[in-house]
Amino acid sequence: MDRIALEGGTPLHGDIPVSGAKNSAIKLMAASLLTSEPVRLTNMPRLADTRLLGRLLQRFGTSITESIGDDGQETLLHTPEITSAFAPYDLVRQMRASFNVLGPLLARTGHAKVSLPGGCTIGARPVDLHLKALEALGAHIDMHEGYVFAQAPRGLKGAEIEFPFVSVGATEHALMAATLAHGTTVFHNAACEPEIVDLAECLNAMGAKVSGAGTPTITVEGVAALKGTDWSVICDRIEAGTYALAAAMAGGEVRLTKVRPELIGILLDKMRQAGCEITTGDNTVTIKRGPGRLKAVDITTEVYPGFATDLQAQFMALMTLADGESTVRETIFENRFMHVPELSRLGASIAVQTGGEAKVTGVDELRGAQVMATDLRASACLIIAGLAAKGETIVNRVYHLDRGFENLEGKLSACGAKIRRIKGDTPVEEIDE
Ligand code: EPZ
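Note that the structure is a prediction, hence the values are computed from the model and not measured.

Peer 1: A description of the pattern of salt bridges should follow, citing residues and the corresponding values.
Peer 2: Tallying each qualifying case throughout the model produces 24 salt bridges. K411 is the partner of E239 in a salt bridge, and the nearest nitrogen-oxygen pair spans 2.7 Å. Highlighted residues: E239 in helix 8 (residues 237-250) and K411 in helix 14 (residues 408-413), separated in sequence by 172 residues. A salt bridge links K359 to E357; its shortest N-O distance comes to 3.7 Å. Among the residues examined, K359 registers a relative accessible area of 22% and is labelled partly exposed. The network of salt bridges with shared partners includes D2, D402, E409, R421 and K423.

So, in structure tokens, the structure goes:
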């Protein structure tokens, strides 16, 4: 397995182009199953997760052609016919989001057999809301031996669906399925994340009739068939936020390009409160750490537009060097403090309390050490911390990072970071989100 070595203490200077969003790209790829016509996705991030989902789609009969165009990587997905509606455990367990193929397969063919994804390092992450929504749309669901067997031989039917709490994945999943249902579906308490808007707009470009995406109430008028389209993947707000925090941590001045600043508004507010100087343009954000030490700022993760759970670990890394004590509250996942013991290895002072809360007491300096990445965003937090730590930090298990950050070493070293990948001999066999 590869490792990343960082020599901390060099300020960052330069531009970082933000890639297309992983968490949108993989849902858009799944949505391509809804039509027999080609769907061309541009601004596609090159990631382990998109490659993995591509392998799964190929099992269903999707042909995938990749090329480079004016809008970055292009992926052409074409599924003239679903040749198999079976998603095996080995592929689904490696990436939870691949469970979201269930709805499109069911909507298109009337049946599907998809493995349950299992738990992961950040929490139990059940899929009960996904299944209840599909049942409400008229699917008959059975579970045997870790598989979901779903059937709707006469097609799905529109319904009124109230999610008991907000789930990004369940909203996206049910939204895709509802596009081909007979009649109208109304979702209440739907997630409002920008990736949902991206998915809904792409579905509309495919001929779907979705309105209200980005608000808690989404209405879908089912149509008989969807067509192909060209779609540019929305920018990755989590990648953008991660590099903004990296710049604040390492010092210097970094300009993010190809970004929509409003998608990381809350993060930028918190960074300003901490003492960062931030200016935004149409598609740019410039981050400069202000003079003196950063101030401690509290955060609480929330559904969009609140503070993103996917930036919690990275923000915590910044707070390890702030002046004073900050409270980090995690409300989305029950076990998302796995990075705390690793940050402590670098000299951070963090106490995890009951109820999903951590108290971070800023220290004068971090010192390089060997650390272990436990999940995607935890890996990013350790990289950020390593950029500021004195001496060498080695981040082990960086395959997590390759799932969600395109060319991270290249982007950071172009800004002067001393970062290199140490190639490992051992193949990556086990990948858990
Ligand atoms: C998406 O996960 C993202 N993943 C996550 O990013 C992100 O952290 C999360 O949304 C929240 O923003 C992808 O888009 C691929 P949820 P998702 O359903 O859809 C519980 C990353 O690092 N829940 O909104 O799985 C669940 O356990 C990843 O890129 C149920 O109980 O998140 C969690 O506590 C990590 N039953 C909460 O809801 C369900 O059926 C919110 O989860 C579904 C969810």
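Structure's up, so let's keep going.
Peer 1: Describe helix 10 (residues 312-319), and please don't skip the residues or the numbers.
Peer 2: For helix 10, the buried fraction is high: eight of the eight residues fall into the buried class. Listed in full, the buried residues belonging to helix 10 are Q312, A313, Q314, F315, M316, A317, L318 and M319.

Peer 1: Report on the sheet that holds strand 2 (residues 12-17), specifying residues and quantitative values.
Peer 2: Reading across from one edge, 2-15-17-16 is the order of the four strands in this open sheet, with mixed pairing throughout. With one partner strand each, in any of the chains shown, strand 2 and strand 16 (276-280) form the two edges of the open sheet. With direction set aside, neighbouring strand axes in the sheet form an average angle of 10°. By the bridge criterion, six bridges tie strand 2 to strand 15 (residues 252-257) in an arrangement that is parallel. Within strand 15, the residue paired with L12 across the bridge is G252. In the packing of helix 8 onto the sheet, contacts are made with strand 2, strand 15, strand 16 and strand 17 (285-289), and the angle to strand 17 comes to roughly 25°.

Peer 1: An account of the packing of aromatic side chains is requested, with residue identities and associated values reported.
Peer 2: Aromatic rings in a pair are described by how distant their centres are and how their planes are angled relative to each other. Scanning all chains against the criterion turns up three aromatic pairs. Note on F163 and F187: the rings are 5.8 Å apart at their centroids and 15° apart in plane angle, and the pair reads as stacked. In this pair, F163 sits in the loop between strand 10 (160-162) and helix 6 (168-178) while F187 sits in strand 11 (residues 184-188), placing the two residues 24 residues apart along the sequence. Residue classification places F187 among the buried positions, given a relative accessible area of 0%. Consider the rings of F307 and F315, whose centres lie 5.4 Å apart with planes at 75°: the pair is edge-to-face. For F307, a relative accessible area of 4% corresponds to the buried category. Across from the ring centre of Y147, 4.8 Å away, lies the NZ or CZ of K113, which sits over that ring.

Peer 1: Would you mind going over the environment of E357 in detail, with residue names and values included?
Peer 2: Among the structural elements, E357 can be located in strand 21 (residues 357-361). Since its relative accessible area comes to 18%, E357 is described here as buried. Spatially, the C-alpha atom of E357 lies 32 Å from that of K411, the residues being 54 residues apart in sequence. At 3.0 Å, the side chain of E357 forms a polar contact with the side chain of R329.

Peer 1: How would you sum up the nonpolar core? Please name residues and give values.
Peer 2: Within soluble globular proteins, side chains that are nonpolar tend to cluster in buried spots. In this structure, L256, M271, F315 and L412 are the most contacted members of the largest nonpolar core, which totals 78 residues. Per-element tally for this core: the top contributor is helix 8, with ten residues. Excluding anything up to four places from it in sequence, L412 contacts L12, I16, Y243, A246, I383, L387, A417 and I419. Counting residues in hydrophobic clusters, the runner-up holds 71 residues, among them L33, L180, L199 and V223.

Peer 1: Describe the site of the ligand, listing the residues and the values that go with them.
Peer 2: Taken together, 24 residues lie around the ligand, and D128, S167, D310, I332 and R377 are the ones closest in. Within the contact set of the ligand, an oxygen atom lies 2.8 Å away from a side-chain nitrogen or oxygen of K27. The separation between a nitrogen atom of the ligand and a polar side-chain atom of D128 is 2.7 Å. When the ligand is considered free in solution it has 830 Å² of accessible area, and contact with the protein chains removes 88% of it. Mapped onto the shell around the ligand, the elements with two or more residues apiece are helix 1 (22-31), helix 5 (128-136), helix 6 and helix 12 (376-388). With four residues, the single largest contributor to the shell around the ligand is helix 1. Of the residues in the shell around the ligand, the class split is eleven nonpolar, five polar and eight charged. Split by domain, the residues of the shell around the ligand number at least three in each of domain 1 (3-19 + 235-430) and domain 2 (22-226).

Peer 1: Run through unusual backbone geometry, naming residues and quoting values.
Peer 2: In this structure, P305 follows Y304 across a cis peptide bond, with omega equal to 10°. By the secondary structure assignment, P305 is in the loop between strand 18 (299-300) and helix 10. In this model, N189 sits at a positive phi of 60°, which is unusual for a non-glycine residue. Along the chain, N189 turns up in the loop between strand 11 and helix 7 (194-205).

Quick notes on the rules
Residues numbered from 1 in each chain as written. Predicted model: local features only at pLDDT ≥ 70, side-chain atom pairs only at ≥ 80, totals over all residues. Heavy atoms only, no water. Salt bridge = Lys/Arg side-chain N within 4 Å of Asp/Glu carboxyl O. Helix = DSSP H or I, 4+ residues; strand = E, 2+ residues; numbered from the N terminus. Buried < 20%, exposed > 50% of the residue type's maximum accessible area, 1.4 Å probe, protein only. Pairing = 2+ DSSP bridges. Axes fitted to C-alpha atoms, helices over the stretch in contact; angles between N-to-C directions. Contact = heavy atoms within 4.5 Å. Phe/Tyr/Trp six-rings, centres within 6.5 Å; stacked < 30°, edge-to-face > 60°. Lys NZ or Arg CZ within 6 Å of the ring centre and 35° of its normal. Polar contact = N/O pair within 3.5 Å; in protein donor to acceptor, adjacent residues only side chain to side chain. Core = buried A, V, L, I, M, F, W, Y, C linked by side-chain atoms within 4.5 Å. Near = heavy atom within 4 Å. Areas by Shrake-Rupley, 256 points an atom, 1.4 Å probe, with all protein chains shown as cover. Nonpolar A, V, L, I, M, F, W, Y, C, P; charged D, E, K, R; others polar. Domains from an automatic or database assignment.

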